[in-house]
Amino acid sequence: MVIVSDIVAVVVVVVVVVVVVIVVVVIIFIVVAVNVVVFLAVSLYSSEWQTAEGVTHCAYASIDDTDMMAKVNIKVGLCSVNVTLTGKCHNLP
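Residues numbered from 1 in each chain as written. Predicted model: local features only at pLDDT ≥ 70, side-chain atom pairs only at ≥ 80, totals over all residues. Heavy atoms only, no water.

> Teacher, can you tell me more about the overall build of the chain here?
Helices and strands together make up the secondary structure of the chain, namely one helix and three strands. Beginning at the N terminus, the succession of helices and strands in the chain can be written as α-β-β-β. Taken over 93 residues, the chain has a buried fraction of 5%. Long-range contacts, defined as pairs at least 24 residues apart, comprise 27% of the intrachain contacts of the chain with a sequence gap of at least 6. Of the accessible surface of the chain, which amounts to about 7800 Å², a share of 74% is contributed by carbon and sulfur atoms. (Helix = DSSP H or I, 4+ residues; strand = E, 2+ residues; numbered from the N terminus. Buried < 20%, exposed > 50% of the residue type's maximum accessible area, 1.4 Å probe, protein only. Contact = heavy atoms within 4.5 Å. Areas by Shrake-Rupley, 256 points an atom, 1.4 Å probe, with all protein chains shown as cover.)

Put into structure tokens, the structure is as follows:
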């Protein structure tokens, strides 16, 4: 014959286990939510995600033999794109 105190003890253990599982799930949800918010804030307000740089030599004008060394910098972010072209002409008269 099952004693009432044994049934109460089982119910208490089950309730404690359920409460612990719920608390763990809530903590995991909060940690994930905070990480997502921090990631989005950094992504939105950081200056850039990716940068690239290249150097090329090209004709300054099609009618003469002046050449130009150009440096291209590209910075891409979530809220901005920056393309910078700097150059120096060679063989200028």
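Don't stop here, the text continues.
> Honestly, a nonpolar patch on the surface in this entry has me stumped. Any pointers?
On the surface, a nonpolar cluster with roughly 1100 Å² of combined accessible area is contributed by Ile 3, Val 4, Val 8, Val 12, Val 16, Val 20, Val 24, Ile 28, Val 32, Val 36, Phe 39 and Leu 40. Mapped onto the elements, Val 4 comes out in helix α1 (residues 4-45). (Patch = residues over 30% accessible without salt bridge, like charges linked within 9 Å, V, L, I, M, F, W, Y side chains within 5 Å. Salt bridge = Lys/Arg side-chain N within 4 Å of Asp/Glu carboxyl O.)

> Mind showing me how you'd approach the environment of Tyr 60 here?
In this fold, Tyr 60 is placed in the loop between β1 (50-59) and β2 (67-76). Counting along the chain gives 28 residues from Tyr 60 to Lys 88, while the straight-line C-alpha distance between them is 9.5 Å.

> Hey, could you run me through the pairing of β1 in this one?
As a general feature of sheets, a regular strand has side chains that alternate between the two faces. The element β1 is barely covered by neighbouring structure, given that only zero of its 10 residues are classed as buried. Judged from the 10 bridges that link them, β1 and β2 form a sheet pairing that is antiparallel. Within β2, the residue paired with Gln 50 across the bridge is Val 76. (Pairing = 2+ DSSP bridges.)

> How do you make sense of the environment of Leu 78 when you look at a structure like this?
Mapped onto the secondary structure, Leu 78 falls in the loop between β2 and β3 (81-90). Residue classification places Leu 78 among the partly exposed positions, given a relative accessible area of 47%.

> Even after reading the chapter, I still don't get the confidence of the model for the chain, so can you show me in this structure?
When pLDDT drops low, the exact placement of atoms in the prediction is not to be read closely. Across the chain, the average pLDDT comes to 82, with 86% of residues at or above 70. The lowest-confidence element of the chain is β3, averaging 80 in pLDDT; the highest-confidence one is α1, averaging 89. (pLDDT = per-residue confidence, 0-100.)

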